[in-house]
Amino acid sequence: MPTFAYKARNSGSELVEGVLEGASSGVVVDLLRGQGLTPVDVREEKTRTTKSASSLNASVFKQKISHIDLLLFSRQIHTLLKSGVPIMRALSGLQDAAINPEMKRVIGEVRESLEGGRELSQALAKHPRVFSPFYLSMVRVGEATGLLEEIFFRLFEHLEFERYMREQVKTAMRYPTFVVIAMAVAIVVVNIFVIPAFAKVFAGFGAELPLMTRVLLAFSNFMVDYWPAMLAGLIGCVLAFRAWVGTVKGRYDWDRMSLKIPIAGKILHKAALSRFSRSFSLGIRSGVPVMQALSNSAQTVDNSYLSRCVEGMRENVERGESLLRAAISSGIFTPVVLQMVAVGEESGAVDDMMNEIGDMYRQEVEYELKTLGQQIEPILIVMLGIMVLILALGIFLPMWDLGKVAIKR
């Protein structure tokens, strides 16, 4: 996601500078306004082409801050603040206890910013690659309400929920991925080593071979002769795909298409909406305004297409529409969810309803993941059956026919 450097003025007309990540400059402007800042200048940061060798090596080889590092940071600082430990002492203790050198460096810089008179949210905002806009917004709410330790605990629960969902998806996809890779390896081995051996046997008979056998032999010869070009083409396709997905439009198109993939698409859709519902509920419950909560929640869905749909919801709410009408216009929620949103608006308990929606989607994702093997297994069996049938018709059938001719003689 692009990074934008901004200059803005706070309520006291003081100039504030920093960087934020966003899909566009308009999204960054909305985030700044939601934070009570008046944007003065927002510019996309360009990648620097002139770097010293030492700084380049440091950026390449330094250890990244993982999701677990941020999760532990949120949990530990909540415990320390709840115990009455001052924020500076708490950060000093976390810096000393941090195992990840990069996390240790970030905490040290946050401490220096606090010593310089900055607020905690401003100190964290200097590290946009570590602390998301949603995280920063929640910290600002904690500073304004004096419930910073409670906010950090809610952030910990939210991060734990995200980690759990990602691990569930990875676990469910492990078996089918292994089977598909094994089938691909088997096809390569058969075509490069097995079929050429049978081709020598067939050539010795001097008889006309069936069409399926001729097709298999031709494909095998093609793989044997041009496997370097095929390997280079495969690597080129992978690199081209990564470059395409790296663009804003490519990421949007791929995220939209991924939701239509059979079986996996609905799981990705429900998991993203579960994250959105939980984060939106958390924001509303913590006192974040609805429009700002929608903007922040759009950053948590991990899908550009759904993120843009949520931004569309925010724009509709900003124009005066109800949350229900905005949800209907987005086209990403089921009728049951829309009914729950309507009840939440009527009862004034939108945060509770959105939390229930998040739990409902989470339960559906868990069920889909538990039955994923059963759903994919028939497809894999059919694919294996087709592969075995092709090999049988192409290799063993002509040997059977030639065997019968030899017996008659």
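These remarks concern the structure in this document. Along each chain, the written sequence defines residue order, and numbers are assigned to residues from 1. It should be noted that, the model being predicted, local features are given only for residues of pLDDT at least 70 and side-chain atom pairs only at 80 or more, the latter also being counted only at that level, while totals for whole chains, interfaces and linings use all residues. Side-chain measures here rest on the full set of heavy atoms in the structure, leaving out hydrogens and waters.

Right, let's get into the overall build of the protein. Within the protein, the secondary structure is distributed over 17 helices and three strands. Looking at the protein alone, contacts between residues at least 24 apart form 59% of all its contacts between residues at least 6 apart. Accessibility throughout is a Shrake-Rupley quantity obtained with a 1.4 Å probe, and a residue counts as covered only by protein chains that appear here. As displayed, the protein offers around 23,100 Å² of accessible surface, 60% of which is attributable to carbon and sulfur atoms. Runs of E in the DSSP output that reach at least two residues are strands. Runs of H or I that reach at least four are helices, and both are numbered from the N terminus. Contacts: residue pairs with any heavy atoms within 4.5 Å of one another.

In this section: the nonpolar core. Residues enter a nonpolar core if they are buried and are Ala, Val, Leu, Ile, Met, Phe, Trp, Tyr or Cys, with the set joined through side-chain atoms within 4.5 Å. The cut-offs for exposure are 20% and 50% of the maximum accessible area for each residue type, with area from a 1.4 Å probe on protein chains only; residues under the lower value are buried, those over the upper are exposed, and the others partly exposed. Among the nonpolar cores identified, the biggest contains 68 residues, and Phe-73, Phe-131, Tyr-135, Phe-152, Phe-276 and Phe-333 are the most heavily contacted of them. Residues in contact with Phe-131, not counting those within four places in the same chain, are Leu-70, Phe-73, Val-106, Leu-124 and Leu-136.

With that settled, consider the side chain of Ser-258. Structurally, the position occupied by Ser-258 is in helix H10 (residues 248-258). By relative accessible area, Ser-258 is classed as buried at 6%.

On the surface, Met-212, Val-382, Ile-386, Leu-389, Ile-390, Leu-393 and Leu-397 cluster together into a nonpolar patch covering about 550 Å² of accessible area. With respect to the helices, strands and loops of the structure, Val-382 is situated in helix H17 (residues 372-408). Patches draw on residues past 30% relative accessible area with no salt bridge. Two like charges within 9 Å are joined, as are two nonpolar side chains (Val, Leu, Ile, Met, Phe, Trp, Tyr) within 5 Å. The term salt bridge refers to a pairing of a side-chain nitrogen on Lys or Arg with a carboxyl oxygen on Asp or Glu at a separation within 4 Å.

Our focus in this paragraph is the packing of aromatic side chains. Two aromatic rings, drawn from Phe, Tyr or Trp (for Trp, its six-membered ring), form a pair once their centres lie within 6.5 Å of each other, and the interplanar angle then sorts them: stacked below 30 degrees, edge-to-face above 60, tilted otherwise. Tallied over the full model, the rule gives eleven aromatic pairs. The interplanar angle of 35° and the centroid separation of 5.2 Å between the aromatic rings of Phe-222 and Tyr-226 together place this pair among those described as tilted. You can see Phe-222 and its partner Tyr-226 sitting in helix H9 (residues 211-245), four residues apart, about one turn around the helix. The partly exposed category is assigned to Phe-222, whose relative accessible area is 40%. Residue class for Tyr-226 comes out partly exposed when judged on its relative accessible area of 46%. Ring plane angle 50° and centroid distance 6.0 Å describe the contact between Phe-241 and Trp-244, whose orientation is recorded as tilted. Linking Phe-241 with Trp-244, this pair stays in helix H9, spanning three residues, or about one helical turn. Through a chain of ring-to-ring contacts, the aromatic side chains of Phe-73, Phe-131, Tyr-135 and Phe-152 assemble into a single cluster. For a ring to carry a charge above it, either NZ of a lysine or CZ of an arginine must fall within 6 Å of the ring centroid while also lying within 35 degrees of the normal to the ring plane. Between Arg-75 and the ring centre of Phe-156, over which it is positioned, the NZ or CZ distance is 5.0 Å. The ring of Tyr-252 carries the charged tip of Arg-308 above its face, separated from the ring centre by 4.1 Å.

Of note, Val-179 is situated in helix H8 (residues 148-205). For Val-179, a relative accessible area of 13% gives the class buried. Sequence separation between Val-179 and Glu-377 is 198 residues; the distance between their C-alpha atoms is 9.9 Å.

Taken as a whole, this structure holds 17 salt bridges when the rule is applied. The closest approach of N and O atoms between Asp-351 and Arg-285, which form a salt bridge, is 3.6 Å. One end of the pair, Asp-351, is in helix H16 (residues 350-370); the other, Arg-285, is in helix H11 (residues 264-285), and 66 residues separate them in sequence. Relative accessible area serves as the criterion here: at 37%, Arg-285 is assigned to the partly exposed category. Note that Glu-318 is salt-bridged to Arg-314, the shortest N-O span being 3.0 Å. Of this pair, Glu-318 and Arg-314 both sit in helix H13 (residues 304-318), four residues apart, roughly one helical turn. Residue classification places Arg-314 among the buried positions, given a relative accessible area of 5%. Taken together, the salt bridges that share partners define one network made up of Lys-266, Lys-270, Glu-364 and Glu-368.

Mapped onto the fold, Asn-303 is located in the loop between helix H12 (290-298) and H13. Residue Asn-303 is classed as buried on the basis of its relative accessible area of 9%. Any N or O atom pair separated by 3.5 Å or less is treated as a polar contact, with the protein-specific requirement of one donor-capable and one acceptor-capable atom, and with residues adjacent in sequence counted only for side-chain atom pairs. In this structure the side chain of Asn-303 is engaged in a polar contact, spanning 3.0 Å, whose partner is the backbone nitrogen of Leu-306.

The span one expects for a helix is its residue count, reduced by one, times 1.5 Å. With 16 residues, helix H3 (residues 67-82) ought to run about 22 Å at 1.5 Å a step, and its terminal C-alpha atoms sit 23 Å apart, in line with that. Positive backbone phi, approximately 90°, marks Gly-84, located one or two places after H3.

With that out of the way, let us pick up the packing of H13 against helix H14 (residues 323-330). One can describe the packing of H13 onto H14 by two numbers: an axis separation of 9 Å at closest approach and a directional angle of 145°. Between H13 and H14 lies a crossing whose hand is right-handed. Of the residues in H14, those touching H13 at Cys-309, Met-313, Asn-316 and Val-317 are Leu-323, Ala-326, Ala-327, Ser-329 and Ser-330. Under the grouping applied here, Gly and all other residues not named as nonpolar or charged are polar, the nonpolar ones being Ala, Val, Leu, Ile, Met, Phe, Trp, Tyr, Cys and Pro and the charged ones Asp, Glu, Lys and Arg. In the contact of H13 with H14, the residues fall into six nonpolar, three polar and no charged. To obtain each axis, a line is fitted to C-alpha atoms, and for helices this fit is confined to the stretch in contact; angles are then taken between N-to-C directions over 0 to 180 degrees. Crossings are sorted by hand: turned counterclockwise from the far helix by less than a right angle, the near helix makes the crossing left-handed, and turned clockwise it makes it right-handed.

What follows deals with the environment of Gly-250. Looking at the element boundaries, Gly-250 is found in helix H10. Note on Gly-250: relative accessible area 1%, which makes it buried. Remark: the alpha-carbon pair of Gly-250 and Ser-304, spanning 54 residues in sequence, is separated by 9.8 Å. Ignoring any residue separated from it by four or fewer positions in sequence, one finds Gly-250 in contact with Trp-244 and Val-245.

Let us now look at the packing of H9 against H10. A pair of packed helices can be characterised by two numbers: the angle between their axes and the separation between those axes. In the contact formed by H9 and H10, the axes pass within 6 Å of each other and the chain directions differ by 105°. Our classification of the angle between H9 and H10 gives roughly perpendicular. Contacts between H9 and H10 involve Phe-241, Trp-244 and Val-245 from the first element and Gly-250, Arg-251, Asp-253, Trp-254 and Met-257 from the second. Across the contact of H9 with H10, the residue classes tally to five nonpolar, one polar and two charged. With respect to orientation, any angle under 35 degrees is reported as roughly parallel, any angle over 145 as roughly antiparallel, any angle of 65 to 115 as roughly perpendicular, and every other angle as oblique.

This next bit is on H14. Because each turn of an α-helix spans 3.6 residues, side chains separated by three or four positions in sequence point in the same direction. Among all positions in H14, only Leu-323, Ala-326, Ala-327 and Ser-330 are buried. On an axial view of H14, the arc spanned by its buried residues comes to 100°, and they lie on one face. Pointing more than 90 degrees away from the buried face of H14 are the exposed residues Arg-325 and Ser-329. Contacts made by the buried residues of H14 are with H11, H13, helix H15 (335-347) and H16. Downstream of H14 by a residue or two, Gly-331 has a phi angle that is positive, lying close to 70°. To obtain the arc, one takes the directions from the helix axis to the C-beta atoms.

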